[in-house]
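The residues making up each chain are set out below.
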Amino acid sequence: RPDALVIALDGPAASGKGTLAKKIAGQFGLPHLDTGLLYRAVGCGVLDHGGDPGNVAAAIEVAAKLDLAALDEARLRGATMGEAASRVAAIPEVRVVLLDLQRRFAAQPGGAVLDGRDIGTVICPDAKVKIFVTATPEVRAERRFKELAGRGEAVTFEDVLADIERRDARDSSRTTAPLVAAADAHLLDTTTLDIDAAFRAALDIIGRR
Ligand code: CDP
Ligand code: CDP
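Here the structure is a predicted model, which means the values were calculated and not measured. (Residues numbered from 1 in each chain as written. Chains lettered and ligands numbered in written order. Predicted model: local features only at pLDDT ≥ 70, side-chain atom pairs only at ≥ 80, totals over all residues. Heavy atoms only, no water.)

**Here's the deal with the UniProt feature "domain: Cytidylate kinase" (unreviewed entry) in the protein**
1) Next: The feature "domain: Cytidylate kinase" (unreviewed entry), as annotated in UniProt, sits at residues 7-203 in this numbering.
2) Next: Across residues 7-203, the secondary structure splits into 55% helix and 12% strand, with the terminal C-alpha atoms separated by 11 Å. (UniProt positions renumbered as here; feature names shortened; annotations may be inferred. Helix = DSSP H or I, 4+ residues; strand = E, 2+ residues; numbered from the N terminus.)

**What about the UniProt feature "binding site: ATP" (unreviewed entry) in the protein?**
1) Next: Under the local residue numbering, the UniProt record ascribes the feature "binding site: ATP" (unreviewed entry) to G11, P12, A13, A14, S15, G16, K17, G18 and T19.
2) Next: Of note, A14 is situated in the loop between β1 (5-10) and α1 (17-28).
3) Next: Given a relative accessible area of 9%, A14 falls into the buried group.
4) Next: When near neighbours in sequence (up to four residues on either side) are disregarded, A14 contacts R140, R143, R144 and I164.
5) Next: One can find T19 in helix α1.
6) Next: Assessed through its relative accessible area of 38%, T19 is described here as partly exposed. (Buried < 20%, exposed > 50% of the residue type's maximum accessible area, 1.4 Å probe, protein only. Contact = heavy atoms within 4.5 Å.)

**Some words on the sheet that holds strand β4 (residues 129-134)**
Sheet strands associate in pairs through backbone hydrogen bonding, adopting either a parallel or an antiparallel arrangement.
1) Next: Reading across from one edge, β2-β3-β1-β4-β5 is the order of the five strands in this open sheet, with parallel pairing throughout. Since the sheet does not close on itself, it has two edges, and those belong to β2 (32-34) and β5 (186-189), each with one partner. Direction aside, the axes of adjacent strands within the sheet are offset by 20° on average.
2) Next: Pairing geometry for β1 and β4, over four bridges, is parallel. Paired with D10 across the bridge in β4 is F132.
3) Next: Along the sheet, helix α6 (residues 92-106) makes contact with β1, β2 and β3 (111-116), crossing β3 at roughly 140°. (Pairing = 2+ DSSP bridges. Axes fitted to C-alpha atoms, helices over the stretch in contact; angles between N-to-C directions.)

**Notes on the environment of L203**
1) Next: Mapping L203 onto the fold places it in helix α10 (residues 195-208).
2) Next: With residues up to four places along the chain from it excluded, the contact list for L203 reads Q27 and F28.

**Let's talk about the site of ligand 2**
1) Next: Around ligand 2 sit 13 residues in total, of which A14, K17, G18, T19 and R144 are the nearest.
2) Next: Here an oxygen atom of ligand 2 sits 3.3 Å away from a polar atom, N or O, in the side chain of E147.
3) Next: Between ligand 2 and L193, the relevant distance is 3.0 Å, taken from a nitrogen atom to a main-chain nitrogen or oxygen of the residue.
4) Next: When isolated, ligand 2 has an accessible area of 540 Å², and the protein chains bury 78% of it.
5) Next: Looking at the shell around ligand 2, the elements that each hand over two or more residues are α1 and α8 (137-150).
6) Next: Looking at the shell around ligand 2 residue by residue, the classes come out as four nonpolar, four polar and five charged. (Near = heavy atom within 4 Å. Polar contact = N/O pair within 3.5 Å; in protein donor to acceptor, adjacent residues only side chain to side chain. Areas by Shrake-Rupley, 256 points an atom, 1.4 Å probe, with all protein chains shown as cover. Nonpolar A, V, L, I, M, F, W, Y, C, P; charged D, E, K, R; others polar.)

**Structural notes on the side chain of R95**
1) Next: Along the chain, R95 turns up in helix α6.
2) Next: Engagement of the side chain of R95 in a polar contact is seen with the backbone oxygen of A89, the distance being 2.9 Å.
3) Next: Every residue in contact with R95, bar those within four places of it in the chain, is listed here: Y39, A89, D118, R174, T176 and A177.

**Some details on the packing of aromatic side chains**
1) Next: Enumeration over the complete set of coordinates arrives at one aromatic pair.
2) Next: Consider the rings of F145 and F157, whose centres lie 6.5 Å apart with planes at 90°: the pair is edge-to-face. Residue F145 is found in helix α8, and its partner F157 is found in helix α9 (residues 157-173); the two are separated by twelve residues along the sequence.
3) Next: With a relative accessible area of 23%, F157 lands in the partly exposed category.
4) Next: Over the ring of F199 we find K23; its NZ or CZ atom is 5.0 Å from the centre of that ring. (Phe/Tyr/Trp six-rings, centres within 6.5 Å; stacked < 30°, edge-to-face > 60°. Lys NZ or Arg CZ within 6 Å of the ring centre and 35° of its normal.)

**Considerations on the pairing of β3**
1) Next: Of all six residues making up β3, six are buried, and the element is well covered by its neighbours.
2) Next: On β3, burial covers both faces: G111, V113 and D115 on one face and A112, L114 and G116 on the other are all buried.
3) Next: Note: β2 against β3, three bridges, orientation parallel. Of the residues in β3, the one forming a bridge with D34 is D115.

Laid out in structure tokens, this is it:
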């Protein structure tokens, strides 16, 4: 649909893409899908069945049975789930299983806002607006650390930084749909921007399109 407003936000862990996506969706009255939750749910499902997130057959089976309506967001955002998500996300067959669901979400009549790693490159290559959100690893780790500590999780800043760096490296180096900015994406570095300033910068980018 030429008139649909599809907005793609990608970027590394805790860059602020989810927060931005939610605010943008609210501003334009569009539905929002946090695609990281899908991979977190697959990783979580494999762990719950006593499996290893590197187990290809188990991960594909969980992905095929994924029920969007049953996702437990609070649990999926826990510190251990990001790592499991990143491991199942490196399995090409898992990405194929989750592709249709994401494309169908993006194809809603008025448009949609999706955030993840490969929205602008693979899921919605024709998105009206693509924003690649970044920030230094230290700032991202500080944000995620505060978020997890605020939820009562026993984590250290060093653990969170190590997790983010390990995940970024794996996500960037995998062969299928690696974390990379689309050639036509607008870069938004939020290192020195709070949420309001980042939101204004994103609205500016969208307005210029
Ligand atoms: O919120 P955060 O950026 O820490 O993670 P997330 O967006 O929930 O994504 C968790 C993991 O899922 C990432 O580290 C990626 O490995 C994977 N992912 C992906 O491969 N493709 C997406 N579109 C979204 C997430
Ligand atoms: O979705 P992603 O993993 O990229 O990041 P997020 O969940 O939107 O943001 C991670 C944490 O950083 C949240 O607690 C946000 O409130 C916070 N944040 C921030 O302090 N400043 C920003 N400019 C963006 C996010």
